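Here's the letter readout for the chains.
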Amino acid sequence: MFGVVLWSDSDDQKAVIWCEDHGDLAFYRKTDAQASVCLDVGDWVQFDLVTERKQRLALNPRLVDQGSYRGLQDLLRDAGATGGDVADGAVAKLIPFAARVRRKPGRQAEGEVCRA
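Right, let's walk through the structure included here. (Residues numbered from 1 in each chain as written. Predicted model: local features only at pLDDT ≥ 70, side-chain atom pairs only at ≥ 80, totals over all residues. Heavy atoms only, no water.)

Applying the stated rule across the entire model yields one cavity of 30 Å³ or more. In this model, the largest cavity occupies a volume close to 60 Å³. Around the largest cavity, the lining is made up of 10 residues, and of these Ser 10, Gln 13, Val 37, Cys 38 and Leu 39 lie nearest the centre. Taken together, the residues that form the lining of the largest cavity break down as five nonpolar, two polar and three charged. (1 Å grid on protein atoms, 1.4 Å probe; cavity = no way out; pocket = protein on both sides within 12 Å on 5 of 7 lines; lining within 4 Å. Points joined across faces, edges and corners; volume = space filled by probe spheres on them. Nonpolar A, V, L, I, M, F, W, Y, C, P; charged D, E, K, R; others polar.)

Once that is clear, we can look at the nonpolar core. Among soluble globular proteins, nonpolar side chains are generally buried collectively. Formed by Val 5, Ala 15, Ile 17, Cys 19, Ala 26, Tyr 28, Val 37, Leu 39, Val 45, Phe 47, Ala 58 and Leu 63, the largest nonpolar core amounts to 12 residues. Breaking this core down by element, the ones donating at least two residues are β2 (14-19), β3 (26-29), β4 (44-52) and β5 (55-65). When residues in this core are grouped by element, the largest group, three residues, is from β2. The residues contacting Phe 47, other than those within four sequence positions of it, are Met 1, Phe 2, Gly 3, Ile 17, Cys 19, Ala 26, Ala 58, Leu 59, Asn 60, Pro 61 and Arg 62. If you look at the next biggest cluster of nonpolar residues, it comprises seven residues, including Trp 18, Val 64, Tyr 69 and Leu 72. (Core = buried A, V, L, I, M, F, W, Y, C linked by side-chain atoms within 4.5 Å. Buried < 20%, exposed > 50% of the residue type's maximum accessible area, 1.4 Å probe, protein only. Helix = DSSP H or I, 4+ residues; strand = E, 2+ residues; numbered from the N terminus. Contact = heavy atoms within 4.5 Å.)

Turning our attention to the pattern of salt bridges. Scanning the model with the defined rule gives two salt bridges in all. Here Arg 56 makes a salt bridge to Asp 21, at a shortest N to O gap of 2.9 Å. In this pair, Arg 56 is assigned in strand β5 and Asp 21 in the loop between β2 and β3, connecting sequence segments 35 residues apart. Judged by its relative accessible area of 41%, Asp 21 is partly exposed. The residue Arg 62 makes a salt bridge to Asp 48 at a minimum N-O spacing of 3.9 Å. Taken together, the residues Arg 62 in strand β5 and Asp 48 in strand β4 connect sequence positions 14 residues apart. Relative accessible area serves as the criterion here: at 36%, Arg 62 is assigned to the partly exposed category. (Salt bridge = Lys/Arg side-chain N within 4 Å of Asp/Glu carboxyl O.)

This is the structure we're talking about:
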């Protein structure tokens, strides 16, 4: 599964991911068994998706492109603020999951800090 990180906490190594299937959000929390990965808002990631107790969990996330979707959470919030109800004549806009700029996985942009 591919997705975009909408929220992350680098101290606790947690993240919320919007999935390409537009289903429920997936939640990531680093465990001792998983390799350390730095996830930040706007990162495009690939991960294994499992469902436990009706909650979608992202396991083994791999960074595909760092920061390629910064601002996506604002676009989604703004779309929700306008109502977004098709019955009221609103027009749905799809946001594709295509990479804009590819960086090598694990490389950080200049000035970025990742806590492992």
